[in-house]
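Per-entry structural report
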Amino acid sequence: MGKICSRCKQEKDIGDFQRDKSSSTGYKYYCKECAKKSSQVLYKKHHEKVNTKHKEWVKNHKEEWQEYYRDYIKENKDKLIAWKKKKAQENIERRIQRIKRNREENM
Ligand SMILES: [Zn+2]
């Protein structure tokens, strides 16, 4: 049995909806596809302002932002872990480079 998405108005399989404990149906009222779209819009909206008023923006969009952020972390877990590893590796390499450079300068 499907469920109609309140955003795109299409009937979709229940598996296409994310679970949501706070919702009466146990699922989000919009489908994953729409959730993705809206998080992209939110991401863009946010990043246009990120340099100026990030904190204020987050305060005004707290729930949207938390939801977006939670989903983002969940969806990108592997990427984030890989990114952290890469950063750590880069830091090590940078440190090695710096030590080498210092050595050369002191020679
Ligand atoms: Zn939809």
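**Some points on the overall build of the protein chain**
Looking only at helices and strands, one finds three helices and four strands in the protein chain. Mapped in sequence order, the helices and strands of the protein chain form the string β-β-β-β-α-α-α. Radius of gyration (C-alpha) of the protein chain: 21 Å, far over the 13 Å computed for a compact globule of 107 residues. Once the C-alpha set of the protein chain is aligned to its principal axes, its extents read approximately 75 × 30 × 20 Å. The buried share of the protein chain, taken over its 107 residues, is 5%.

**Comments concerning unusual backbone geometry**
Here Lys 9, not a glycine, exhibits a phi torsion of approximately 65°, which is positive. For Lys 9, the position within the fold is in the loop between strand 1 (2-4) and strand 2 (11-13). Residue Lys 9 is classed as exposed on the basis of its C-beta count, with 7 C-beta atoms lying within 10 Å.

**Quick look at helix 2 (residues 62-75)**
Between its first and last C-alpha, helix 2 extends 20 Å over 14 residues, near the 20 Å set by a 1.5 Å rise per residue. Of all 14 residues in helix 2, zero are buried; the element is thus mostly exposed.

**Some words on the confidence of the model for the protein chain**
On average, residues of the protein chain score 86 in pLDDT, and 94% of them reach the 70 mark or higher. By mean pLDDT, the top-scoring element of the protein chain is strand 2 (95), and the lowest-scoring one is helix 1 (residues 32-60) (77).

**A closer look at helix 3 (residues 77-106)**
The end-to-end C-alpha distance of helix 3 is 43 Å, a good match for the 44 Å that 30 residues give at a rise of 1.5 Å each. Of all 30 residues in helix 3, zero are buried, a share of ten percent or less.

**Brief notes about the environment of Cys 31**
Here Cys 31 is to be found in strand 4 (residues 27-31). Setting aside residues up to four positions removed in sequence, Cys 31 forms contacts with Cys 5, Cys 8, Lys 12, Asp 16 and Phe 17.

About the cut-offs
- Residues numbered from 1 in each chain as written.
- Predicted model: local features only at pLDDT ≥ 70, side-chain atom pairs only at ≥ 80, totals over all residues.
- Helix = DSSP H or I, 4+ residues; strand = E, 2+ residues; numbered from the N terminus.
- Rg over C-alpha atoms; globule rule 2.2 N^0.38 Å.
- Buried ≥ 20, exposed ≤ 12 C-beta atoms within 10 Å, placed from the backbone.
- Expected span 1.5 Å × (residues − 1).
- pLDDT = per-residue confidence, 0-100.
- Contact = placed C-beta atoms within 7 Å.

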